[in-house]
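# Survey of secondary and tertiary structure
Spelled out, the chains give:
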Amino acid sequence: MASYLFLGVAVSFTFIVTDVFANDTLLIPEDLLLGAATASYQIEGAWNEDGKGENIWDRWTHSNPNLINNGSNGDVACDSYHKYKEDVQLLNELGVNFYRFSISWSRIIPSGYTNVINEKGLNYYKNLINELLAKGIEPFVTLYHWSHPQFLEEMGGWTNEMMVEWISDYARIIFKELGPKVKYFATINEPHVFCGEGYGMGLKAPGKKLGSPGIFECMHNVLKAHATIYHIYNEEFREHQKGKIGIIIPCTGALPKNPNETEAVDMHFQFNCAWIAHPIFSKTGDYPTIMKIHVAENSKLDGFPRSLLPEFTPEWVQYIKGTSDFFGLNHYSSKLVEIVPRAEGQKWYAYSGVKESVDPSWPKSASPWLRVVPSGFREIIKKIAREYNNPPIYVTENGFSDKCCTSDYSRISYLHSYIKAMLLAIYEDGCNVKAYTVWSLLDNFEWESGYSVRFGLVYVNFTDSNRTRTPKWSMNWYKNIIATRILNSTLDSPTGMLEAPKKRGTSERRRERRIRTTTST
Ligand code: NOJ
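Residues numbered from 1 in each chain as written. Predicted model: local features only at pLDDT ≥ 70, side-chain atom pairs only at ≥ 80, totals over all residues. Heavy atoms only, no water.

### With respect to the sheet that holds strand β9 (residues 334-339)
- Strand order in the open sheet formed by 3 strands is β7-β9-β10, with mixed pairing between adjacent strands. One side of each edge strand has no neighbouring strand; the edge strands of this open sheet are β7 (253-256) and β10 (354-357). Taking the axes of each pair of neighbouring strands and ignoring which way they run, one obtains an average angle of 45° across the sheet.
- As judged from the 4 bridges shared by β9 and β10, these two strands associate in the antiparallel manner. What sits directly across from Val337, in β10, is Glu356.
- Taken strand by strand, helix α11 (residues 262-271) contacts β7, β9 and β10, and its axis lies near 115° from that of β9.
- Lying over the sheet, helix α15 (residues 374-387) contacts β7 and β9, oriented at roughly 105° with respect to β7. (Pairing = 2+ DSSP bridges. Helix = DSSP H or I, 4+ residues; strand = E, 2+ residues; numbered from the N terminus. Axes fitted to C-alpha atoms, helices over the stretch in contact; angles between N-to-C directions. Contact = heavy atoms within 4.5 Å.)

### With respect to the pattern of salt bridges
- The tally for this structure, following the rule as stated, stands at 28 salt bridges.
- Arg59 is the partner of Glu54 in a salt bridge, and the nearest nitrogen-oxygen pair spans 2.8 Å.
- Residue classification places Arg59 among the partly exposed residues on the basis of a relative accessible area of 34%.
- Residue Asp429 pairs with Arg378 through a salt bridge whose shortest N-O separation is 2.8 Å. With Asp429 in the loop between α16 (409-427) and β12 (433-439) and Arg378 in helix α15, this pair connects stretches of sequence that are 51 residues apart. (Salt bridge = Lys/Arg side-chain N within 4 Å of Asp/Glu carboxyl O. Buried < 20%, exposed > 50% of the residue type's maximum accessible area, 1.4 Å probe, protein only.)

### A word on the confidence of the model for the chain
- Confidence in the prediction for the chain averages 90 pLDDT; 88% of positions are at 70 or higher.
- The low-confidence segment residues 1-22 (pLDDT under 50) makes 48 contacts with residues lying over four places distant or belonging to another chain.
- pLDDT under 50 marks residues 496-521. Its contacts with residues more than four places away, or in other chains, come to 47 contacts. (pLDDT = per-residue confidence, 0-100.)

### Focus on the packing of α15 against α16
- Direction vectors running N to C along α15 and α16 enclose 30°, while the axes themselves pass 8 Å from each other. As judged from the angle between their axes, α15 and α16 are roughly parallel. Note on packing geometry: the crossing formed by α15 with α16 is right-handed. Contacts between α15 and α16 pair Pro374, Phe377, Arg378 and Ile381 from the former with Ser417, Tyr418, Ala421, Met422, Leu424 and Ala425 from the latter. (Parallel < 35°, antiparallel > 145°, perpendicular 65-115°, else oblique. Left-handed = near helix turned anticlockwise from the far one by under 90°.)

### Digging into the side chain of His294
- Structurally, His294 can be placed in helix α13 (residues 289-301).
- A polar contact is formed between the side chain of His294 and the backbone oxygen of Tyr351, at a distance of 3.1 Å.
- In this view, His294 contacts Met267, Phe271, Tyr351 and Ser352; residues no more than four positions away in its chain are not counted. (Polar contact = N/O pair within 3.5 Å; in protein donor to acceptor, adjacent residues only side chain to side chain.)

### Remarks on the packing of aromatic side chains
- The tally for this structure, following the rule as stated, stands at 45 aromatic pairs.
- Centre to centre, the rings of Tyr144 and Trp158 are 5.4 Å apart; their planes meet at 75°, and the pair counts as edge-to-face. One end of the pair, Tyr144, is in strand β4 (residues 138-144); the other, Trp158, is in the loop between α7 (150-154) and α8 (163-178), with 14 residues separating them in the sequence.
- Consider the rings of Phe281 and Tyr388, whose centres lie 6.0 Å apart with planes at 40°: the pair is tilted. Here Phe281, found in helix α12 (residues 274-281), pairs with Tyr388, found in the loop between α15 and β11 (393-397); they are 107 residues apart in sequence, far enough to count as distant. (Phe/Tyr/Trp six-rings, centres within 6.5 Å; stacked < 30°, edge-to-face > 60°.)

### Looking at the sheet that holds β4
- What the 8 strands build is a closed barrel, ordered β2-β3-β4-β5-β6-β8-β11-β12; its pairing is parallel. The average angle at which neighbouring strand axes cross in this sheet is 25°, direction not considered.
- The sheet contacts of helix α9 (residues 191-200) involve β4, β5 (184-189) and β6 (244-250), and relative to β6 the element is tilted by about 45°.
- In the packing of helix α10 (residues 211-241) onto the sheet, contacts are made with β4, β5 and β6, and the angle to β6 comes to roughly 155°.

This is how it looks when you write it as structure tokens:
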């Protein structure tokens, strides 16, 4: 064990090994699907090939290289447009149940208007899906992972309510063309992030700095768009395609900075996760009441004539409510939270009255926003279960960033501690988690951080024109988890290359389903 600790320190500069060596063994429930994820702009490359139109990330990275680490872009990225068969082969080796990837909207509909449909773009995804299915891997398709056609941005993008129609036209084409072979769809990935950083703060494409009005408008249109796509699927495709469809919400965990600060924890949740979740998953629908009150009060204090939070008509409230077959949860990290007095000139993220900080003892990753806090994962799963009547939760992203190599012991340690926290939420708290997804299959273009941080289970050499892929230790470790469906208390080998046990019989499996020990995180 001492040598493992040494390796952990050696390969991870700042990382402190967490609870990997805790004395317990947990089984992965038989009906919990395991997968890995990517997104089109982050891996595909081929930005202007075979009729693809320009999208907002093409435009943003080409015209603002100074705002992206090292001036990089996704022109080639992992070159998955040409190397998708290799990617599927890696997924096959990993043994995943499903692969979550996203469609590049402008590859299919170059301008955003459906008068022109690019068959070559459609064929790329058809081939990818066929390749996956041939290997027994379910495709899990995200319709919108932050890249829409640039032309639609010229028309206002997510600040124009017409986006609801434009994305619905696109979704209908995807359902018609790809839906017969796809059982899992996500509508929109992490609205908070692209609305906040892309429209509010100008950190991500399309680089608009519209502040609070921009982000509130964007989120409002996203909710309408999501619900409309859901209803299209429900009414026109579900009967034949029999798939599931939902939205993906980034929920940061919250732990009280001071004991008993439960109000801060709840307030943080209502302004973070619930902004999108409450209108869809709550019994009443609409934005959380506390959010409506706070935004109205703060807008008034800041001199606005009305609340910056737009209102839904009763018809929209009803139309949005219940539009998800699962709760798509992206979770990476947590914050300490406390209630603070109002400051002058607040931004939307301070309207909650909650201040975020981190515990300096929480281990770091290569991303400043990502600290290792597995207990926060368990808490957020519990909170979602409690707030929304225990919906099926699909963890659609969870992962760790570093800056190096294939000997990624830090990633193994992170994944171990987070999967353990999730299993405890299932076994001890009765939460209904049905899927878990590692972000990411491959090292890839991490938005404004470029290629400077790596999230992959597979190392990609970005200086090699062939974009050579090399499995990391974490890939072997995850492969073993998938094969054995057991989360071991210790890592028997730092490479993660454990022997898969022989297939167990039904009675044996039934016996094993109990938790052997239940030490908490
Ligand atoms: C969430 C996003 O969906 C994904 O695109 C991103 O790379 C990861 N978080 C890591 O930052």
